[in-house]
Amino acid sequence: MLIGELSRRTGVHAHQLRYYEAQGLLEPNRGANGYREYTDDALLTVAQIRNLLEAGLSTQEIAYMLPCAIGAAPDFESCPELLDLLRARLHGLDEHIDTLSRSRQALHDYIASTEQRVSHRYPACDATTLEPTPA
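Residues numbered from 1 in each chain as written. Predicted model: local features only at pLDDT ≥ 70, side-chain atom pairs only at ≥ 80, totals over all residues. Heavy atoms only, no water.

1. Considerations on a nonpolar patch on the surface
Judged by side-chain polarity, Leu90, Leu93 and Ile97 come together as a nonpolar surface patch covering roughly 260 Å² of accessible area. Checked against the element boundaries, Leu93 lands in helix H5 (residues 80-121). (Patch = residues over 30% accessible without salt bridge, like charges linked within 9 Å, V, L, I, M, F, W, Y side chains within 5 Å. Areas by Shrake-Rupley, 256 points an atom, 1.4 Å probe, with all protein chains shown as cover. Salt bridge = Lys/Arg side-chain N within 4 Å of Asp/Glu carboxyl O. Helix = DSSP H or I, 4+ residues; strand = E, 2+ residues; numbered from the N terminus.)

2. Structural notes on helix H1 (residues 3-10)
For an α-helix, the turn length of 3.6 residues means that residues three or four places apart are oriented alike. Among all positions of H1, only Ile3, Leu6 and Ser7 are buried. All buried residues of H1 project into a common sector of 100° when viewed along the axis, lining one side. For H1, the secondary structure elements touched by its buried residues are helix H2 (14-22), strand E2 (36-37) and helix H3 (41-54). Two residues or fewer past H1, Gly11 is found with a positive phi of approximately 75°. (Buried < 20%, exposed > 50% of the residue type's maximum accessible area, 1.4 Å probe, protein only. Arc of directions from axis to C-beta. Contact = heavy atoms within 4.5 Å.)

3. Concerning the packing of H2 against H3
Put simply, H2 and H3 touch, their axes get as near as 12 Å, and they point 90° apart. Taken together, the axes of H2 and H3 lie roughly perpendicular to each other. Only Val46, Ile49, Arg50 and Leu53 of H3 make contact with H2, whose side of the interface consists of Gln16, Leu17 and Tyr20. Grouping the amino acids of the contact of H2 with H3 by side-chain chemistry returns 5 nonpolar, 1 polar and 1 charged. (Axes fitted to C-alpha atoms, helices over the stretch in contact; angles between N-to-C directions. Parallel < 35°, antiparallel > 145°, perpendicular 65-115°, else oblique. Nonpolar A, V, L, I, M, F, W, Y, C, P; charged D, E, K, R; others polar.)

Don't take any of this as a statement about function, it's just geometry.
Shown next as structure tokens:
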């Protein structure tokens, strides 16, 4: 199938499919006319790529993982190196979430302390909008 058909059947834009090819994730054949020609296996590969991207993996990580992928979800063949990669990625996400949680709490604290100062300084105003409070 040509790239347009693969795009229609997967819902993935042609420019993204070309990007996947450039990253080594898809390997189309080339027809005599130079057009990319994909086998039906490309449908499964694109589904795997999309699902792994949604999991937050990079295209480099996906390139490493695809040879072990089974099914659209995908599931993976048992491979210690693959588990190490997934665990490291999960650890990185956990650290990022912790950092974001601390940042979120700091912002909440700044807002609360600022609102408190505003309400002490302007008792007749709503601290969240600085509009006069209704009498």
